[in-house]
Amino acid sequence: MSQEKEKAPPSRSAGVKPLAALAARQMQQAAKAWTELLHAAVTTDKAKVQEVPAEGLEKALSWPLVAIPVTLEGPVQGGFLVLLKPEHAALLRDLSAGQPPKEGGLMEMDGATEQALGKWMESLCAATAATFLSKPETAPVARAGPAVILKDAAGLAGTSVATDGWLVSGTLSAGEHKGIPVHQLLPLALGTALADDFR
């Protein structure tokens, strides 16, 4: 009796292209929403995806971080992190208030920054769902939690999100202001599931 050959496990690199396409559409949707939110034309660049093991995060993200947890509910479930530099979180706060950017970074989370990031994340969560408009049956519901400031990437180990997975990065630029790099850290299983649903 012939024996069936064992199927090779799917290549982790196979998720890079669909995740990049998913992120590109998500960032385009977010740019539209943030154009209204910031009252300035917001553009985005090409999204980049890289596989980052937990032990490689400190090298990939070697700076203080503002970390915002996002929970997905629906056909695809799980959690991921949105990561910003503190100075970019402060820039979003100032732009949201229609004020000129202030010098210096964000040392601690204050009410104005929490409110601005809350509105900003509402639009990103909506953009995430809108990304699946062509396949609404697979669209997840995204909800953001409170932002925290971390000294460095080592602090990510204390979050509830697995840190071994995909780092998805893109830059949003509002008017003449400097671009705001947005990083999303997706656990391997969640990133793979999203990529599979988006194919």
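Higher on the page you've got the structure.
So, how was this worked out
- Residues numbered from 1 in each chain as written.
- Predicted model: local features only at pLDDT ≥ 70, side-chain atom pairs only at ≥ 80, totals over all residues.
- Heavy atoms only, no water.
- Helix = DSSP H or I, 4+ residues; strand = E, 2+ residues; numbered from the N terminus.
- Buried < 20%, exposed > 50% of the residue type's maximum accessible area, 1.4 Å probe, protein only.
- Polar contact = N/O pair within 3.5 Å; in protein donor to acceptor, adjacent residues only side chain to side chain.
- Contact = heavy atoms within 4.5 Å.
- Expected span 1.5 Å × (residues − 1).
- Salt bridge = Lys/Arg side-chain N within 4 Å of Asp/Glu carboxyl O.
- Core = buried A, V, L, I, M, F, W, Y, C linked by side-chain atoms within 4.5 Å.
- Axes fitted to C-alpha atoms, helices over the stretch in contact; angles between N-to-C directions.
- Parallel < 35°, antiparallel > 145°, perpendicular 65-115°, else oblique.
- Nonpolar A, V, L, I, M, F, W, Y, C, P; charged D, E, K, R; others polar.

Just checking my understanding: could you explain the side chain of Gln26 for this structure?
Tracing the backbone shows Gln26 in helix α1 (residues 16-38). According to the relative accessible area criterion, Gln26 is buried, its value standing at 6%. Reaching out from Gln26, the side chain makes a polar contact with the side chain of Gln184 at a distance of 2.8 Å. Setting aside residues no more than four positions away along its own chain, Gln26 makes contact with Leu124, Ala127, Thr128, Thr131 and Gln184.

Got a minute to help me understand α1 in this structure?
The end-to-end C-alpha distance of α1, which contains 23 residues, comes to 31 Å, matching closely the 33 Å that a straight helix rising 1.5 Å per residue would cover. Positioned one or two residues after α1, His39 has a phi angle of 55 degrees, which is positive.

Would you take a moment to explain the pattern of salt bridges for this structure?
As a working rule, side chains carrying opposite charge can pair if their charged atoms are close by. Following the criterion strictly, the structure yields three salt bridges and no others. Between Arg93 and Asp94 there is a salt bridge whose closest N-O contact spans 3.0 Å. Neither Arg93 nor Asp94 differs from the other in exposure class; each is buried. In this structure, Arg93 and Asp110 form a salt bridge, with 3.6 Å as the shortest nitrogen-oxygen distance. On the criterion of sequence distance, the pair formed by Arg93 in helix α3 (residues 86-96) and Asp110 in the loop between α3 and α4 (111-130) is long-range, its members being 17 residues apart. On the accessibility criterion, Arg93 (15% relative accessible area) is buried. For Asp110, a relative accessible area of 29% gives the class partly exposed. When salt bridges with common partners are traced through the structure, they connect Arg93, Asp94 and Asp110 into a single cluster.

Looking at this model, I keep getting lost on α4. Mind explaining?
With 20 residues, α4 should reach 28 Å at 1.5 Å per residue; the first-to-last C-alpha distance of 29 Å fits that figure. By the burial criterion, the buried members of α4 are Thr113, Ala116, Leu117, Trp120, Met121, Ser123, Leu124, Cys125, Ala127, Thr128 and Ala130. Check the buried side of α4 and you find it contacts α1, β3 (65-73), β4 (78-84), α3, β5 (141-144) and β8 (180-187). Structurally, the start of α4 carries an N-cap: the backbone nitrogen of Ala112 is 3.2 Å from a side-chain oxygen of Asp110.

Honestly, the nonpolar core in this entry has me stumped. Any pointers?
In a soluble, globular protein the nonpolar side chains are often hidden away together inside. In terms of nonpolar packing, the biggest core is built from 44 residues, with Val82, Leu84, Leu117 and Trp120 touching the most fellow members. It is α1 that contributes the most residues to this core, eight residues altogether. If we skip the residues at most four places from it in the chain, Val82 touches Val66, Ala67, Ile68, Val70, Trp120, Met121, Leu124, Val182, His183 and Gln184. With 13 residues, the next largest nonpolar core counts Leu57, Ala153, Leu156 and Val161 among its residues.

Hey, could you run me through the environment of Trp34 in this one?
Take Trp34: it is sitting in helix α1. When the C-alpha atoms of Trp34 and Leu124 are compared, they prove to be 8.6 Å apart, with 90 residues separating the residues in sequence. Not counting chain neighbours up to four residues away, the residues in contact with Trp34 comprise His39, Ala40, Val42, Trp120, Ser123, Leu124 and Leu172.

Looking at this structure, I do not really get the packing of α3 against α4. What am I missing?
Relative placement of two packed helices is described by the angle separating their axes and the distance separating the axes. At a minimum axis distance of 9 Å, the contact between α3 and α4 shows a crossing angle of 85 degrees. Here α3 lies roughly perpendicular to α4, going by the angle between them. Within the contact between the two elements, α3 uses Ala89, Leu92, Arg93 and Ser96 and α4 uses Ala112, Thr113, Ala116, Leu117 and Trp120. When the residues that make up the contact of α3 with α4 are grouped by side-chain class, the tally is six nonpolar, two polar and one charged.

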